[in-house]
Amino acid sequence: GAAGYGVRILFSQDSASELAAVRALIKEGIKVLLLCPQDSTIAAAAADEAAAAGVAVIAYGRAIRESVSVDYLVDFDRLAVGAAQAQWLIDRAGATKGNSLFLYTGAPSDENTFTFLEGAWEKLQPRILDGTFVIRNSSAAAALLPWPTLTRDQQAAIVAQTTTFWDANTARTLALGNLATASAVEKGSVFILGPNDMTARAIADVFRS
């Protein structure tokens, strides 16, 4: 092109097709691979193969874990996203106490899921301890209230109970299940931590109905 380089854009819906696409690009002789991984850990194989072929590897939007082959990471402040989500809930709760808090997260294969949760937890945890919020749908999160910061394994325990897999239908089903086991009091003043727009809309529709 006019800038002196060409670009190929390929879309993959799973890690297997992603790896196949990367291998095809390597055969075409690419010099730089910009990869937004389907799975932050599985993508290490694609990054390693590209690096072994002399290709510079840039992770975009999601970190690639368990690989030393990534040259750069282009990212947004994911912790700030989680913190902003939590602060929005905190601001609206104000000085009220005993507000029901329902937690929802993204896919366990996505690094964003954990960093969004990490940023939100560090804001919410003091306000759960002081009684502003009461967690209603995650026994794992309720058991971790003494911890102002969480380890990866602790985060994973919460994600296992609250994951939407970034899917609106999964989010809707999970929310319906949470409401089915909630008491009338727990359905009163409700606050929801939703992982992204699509799943949050699905969850909110369930609670509104």
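Residues numbered from 1 in each chain as written. Predicted model: local features only at pLDDT ≥ 70, side-chain atom pairs only at ≥ 80, totals over all residues. Heavy atoms only, no water.

Novice: Any chance you could explain the packing of aromatic side chains here in plain terms?
Specialist: Here the distance between the centres and the angle between the planes together describe a pair of aromatic rings. In this structure the tally under the stated criterion is four aromatic pairs. For the ring pair F133 and F191, a centre distance of 5.4 Å and an interplane angle of 75° mean the geometry is edge-to-face. Separated by 58 residues along the polypeptide, F133 in strand β5 (residues 133–135) and F191 in strand β6 (residues 190–193) bring together distant segments of the chain. Classification of F133 by relative accessible area gives buried; the value is 1%. With a relative accessible area of 11%, F191 lands in the buried category. Counting every residue linked through ring pairs, the aromatic cluster contains F76, F116 and W166. (Phe/Tyr/Trp six-rings, centres within 6.5 Å; stacked < 30°, edge-to-face > 60°. Helix = DSSP H or I, 4+ residues; strand = E, 2+ residues; numbered from the N terminus. Buried < 20%, exposed > 50% of the residue type's maximum accessible area, 1.4 Å probe, protein only.)

Novice: So what exactly am I meant to see when it comes to the nonpolar core here?
Specialist: Side chains that are nonpolar tend, in soluble globular proteins, to be buried together. Core analysis: the biggest nonpolar cluster contains 23 residues, and L101, W121, L124, F133, I135 and I158 have the highest contact counts within it. For this core, the element with the highest residue contribution is helix α4 (residues 111–129), accounting for six residues. Those residues in contact with L124, other than ones at most four positions away along the chain, are A86, I90, L101, L103, F133 and L193. (Core = buried A, V, L, I, M, F, W, Y, C linked by side-chain atoms within 4.5 Å. Contact = heavy atoms within 4.5 Å.)

Novice: Even after reading the chapter, I still don't get the pattern of salt bridges, so can you show me in this structure?
Specialist: If the charged atoms of two oppositely charged side chains come close together, the side chains can form a pair. Scanning all chains against the criterion turns up ten salt bridges. A salt bridge links D110 to R62; the nearest nitrogen and oxygen atoms lie 3.0 Å apart. In this pair, D110 is assigned in the loop between β4 (99–103) and α4 and R62 in the loop between β2 (56–60) and β3 (72–74), connecting sequence segments 48 residues apart. For D110, a relative accessible area of 2% translates into the label buried. Residue class for R62 comes out buried when judged on its relative accessible area of 19%. (Salt bridge = Lys/Arg side-chain N within 4 Å of Asp/Glu carboxyl O.)

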